[in-house]
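Given next are the chains, with one letter for each unit.
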Amino acid sequence: MPSPSVKFVAGNWKMNGLSPQLAEVSALIEALRAADGGPRVALFPPATLIHAAAALSAGSAVELGCQDVHSQPSGAHTGDLSAEMLFDAGARLALVGHSERRTDHGETDEVVRAKTEAALRAGLEPVICLGETLAEREAGQTLAVVARQLAGSLPDSLAGRAFCVAYEPVWAIGTGLTPTLAQVEEVHAALRAGLDSRFPTNTAAILYGGSVKPSNAAELMAARGVDGALVGGASLTCADFLPIVRAA
Ligand code: PEP
């Protein structure tokens, strides 16, 4: 299974951003307007901003995604949003299985698989997140954990469809800590091998995520097997995110 030919830099705003923050979307669009041949770029704002951000980004180089989807298309699920609703609001990609969802909402691999199916059903490109905890890494279980998550979180229906995987060590998210390049390359190679055997004809990016900043983005994205980055905190302002995009 080949890597995409261009890198992919995605920004996850998490539960951050009120309407004035849309100025950061506009600034990024403007900064990338003249860019030729750069990486693929996407932002995942909170659901409340997707519709307005989609209006701003129409026809631009910035794609839009959502941070979660419900597995059902509609129904009695107060407070939840279906993949179809998020597509309708303007999302074209969906994060699924982010570690904050797995931890805060008890999402299992089975739930993540159902959400991935829902994203595909609605026409959203899923970005499936996985990664080990610090305890799992220290116990030497990293490769076993990500292999289990890859097997459990990715439905067979991804065959022939556009999707990405984001390797995000839980202990590196929002902590300022990052794995060594050798550790990143080891996991990415294992994930690529796992994807190769299950989805030999797909092209899927494997992103690295966890404390990517302007200062470390270039070396992390140049690591063997890294097809781009999923960026949290440093995606909230154009001033921080743009240098990461340019480092790809
Ligand atoms: C994330 O939210 O996916 C993430 C990687 O966060 P941060 O870059 O802040 O560590």
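Thresholds applied
- Residues numbered from 1 in each chain as written.
- Predicted model: local features only at pLDDT ≥ 70, side-chain atom pairs only at ≥ 80, totals over all residues.
- Heavy atoms only, no water.
- Helix = DSSP H or I, 4+ residues; strand = E, 2+ residues; numbered from the N terminus.
- Buried < 20%, exposed > 50% of the residue type's maximum accessible area, 1.4 Å probe, protein only.
- Near = heavy atom within 4 Å.
- Polar contact = N/O pair within 3.5 Å; in protein donor to acceptor, adjacent residues only side chain to side chain.
- Nonpolar A, V, L, I, M, F, W, Y, C, P; charged D, E, K, R; others polar.
- Expected span 1.5 Å × (residues − 1).
- Arc of directions from axis to C-beta.
- Contact = heavy atoms within 4.5 Å.
- Phe/Tyr/Trp six-rings, centres within 6.5 Å; stacked < 30°, edge-to-face > 60°.
- Lys NZ or Arg CZ within 6 Å of the ring centre and 35° of its normal.
- Salt bridge = Lys/Arg side-chain N within 4 Å of Asp/Glu carboxyl O.
- Core = buried A, V, L, I, M, F, W, Y, C linked by side-chain atoms within 4.5 Å.

Draft legend 1. Quick peek at the side chain of glutamate 107. Within the fold, glutamate 107 resides in the loop between helix H4 (99-104) and helix H5 (109-122). Overall, glutamate 107 belongs to the buried group, its relative accessible area being 7%.

Draft legend 2. Region of the structure containing the site of the ligand. In the neighbourhood of the ligand, 14 residues make up the surrounding shell, with Lys14, Glu168, Gly174, Ser211 and Gly232 lying closest. Histidine 98 is positioned with one of its side-chain polar atoms (N or O) 2.9 Å from an oxygen atom of the ligand. In the model, an oxygen atom of the ligand is placed 2.8 Å from a nitrogen or oxygen of the glycine 232 main chain. Class assignment of the residues belonging to the shell around the ligand gives a composition of 4 nonpolar, 8 polar and 2 charged.

Draft legend 3. Main features of unusual backbone geometry. Backbone geometry places lysine 14, a non-glycine residue, at a positive phi of 50°. Mapping lysine 14 onto the fold places it in the loop between strand E1 (8-12) and helix H1 (22-33). Relative accessible area serves as the criterion here: at 19%, lysine 14 is assigned to the buried category. With phi around 60°, serine 211 is a residue other than glycine that occupies positive phi space. Assignment of secondary structure puts serine 211 in the loop between strand E7 (205-209) and helix H9 (217-222).

Draft legend 4. Layout of helix H8 (residues 181-198). The terminal C-alpha atoms of H8 lie 26 Å apart, and with 18 residues this matches the ideal 26 Å at 1.5 Å per residue to within 8%. Residues of H8 that are buried include every one of Val184, Val187, His188, Leu191, Arg192 and Leu195, and no others. For H8, the buried positions fall inside an angular range of 140° around the axis, keeping them on one side. Counted as exposed and oriented over 90 degrees from the buried face of H8: Ala182 and Ser197. Residues of H8 that are buried in the fold lie against strand E5 (125-130), helix H6 (134-138), helix H7 (142-153), strand E6 (164-167), E7 and H9.

Draft legend 5. Fine view of the packing of aromatic side chains. Tallying each qualifying case throughout the model produces 2 aromatic pairs. Seen in terms of ring centroids, phenylalanine 163 and phenylalanine 199 are 5.5 Å apart; in terms of plane orientation they differ by 65°. Their pairing is edge-to-face. Residue phenylalanine 163 is found in the loop between H7 and E6, and its partner phenylalanine 199 is found in the loop between H8 and E7; the two are separated by 36 residues along the sequence. The pair formed by phenylalanine 163 and phenylalanine 199 is uniform in burial state, with each residue classed as buried. A cation over an aromatic ring shows up here: arginine 40 above the ring of phenylalanine 8, its NZ or CZ 4.3 Å from the ring centre. Seen from the ring of phenylalanine 87, arginine 92 lies directly overhead, with NZ or CZ sitting 3.7 Å from the centre.

Draft legend 6. Layout of the pattern of salt bridges. Summed over all chains, the structure comprises 14 salt bridges. For the salt bridge of lysine 115 with aspartate 68, the shortest nitrogen-to-oxygen distance reads 2.8 Å. Linking lysine 115 in helix H5 with aspartate 68 in the loop between strand E3 (62-66) and helix H3 (83-89), this pair joins segments that are 47 residues apart in sequence. Both residues of the pair, lysine 115 and aspartate 68, count as buried. Linking aspartate 227 and arginine 192 is a salt bridge whose minimum nitrogen-to-oxygen distance equals 2.7 Å. Placement of aspartate 227 in the loop between H9 and strand E8 (228-231) and of arginine 192 in helix H8 is noted, with a sequence separation of 35 residues between them. If you follow the salt bridges from partner to partner, you end up with Asp68, Arg101, Glu107 and Lys115 in one network.

Draft legend 7. The arrangement of the nonpolar core in detail. In this structure, Leu28, Val69, Leu124, Leu154, Phe163 and Leu191 are the most contacted members of the largest nonpolar core, which totals 63 residues. Among residues more than four places away in sequence, those in contact with leucine 191 are Leu130, Val146, Leu150, Val165, Tyr167 and Ile206. The next biggest cluster of nonpolar side chains, apart from the first, holds 13 residues, and it includes Ala10, Leu93, Ala205 and Leu207.

Geometric values such as these leave the question of function open.
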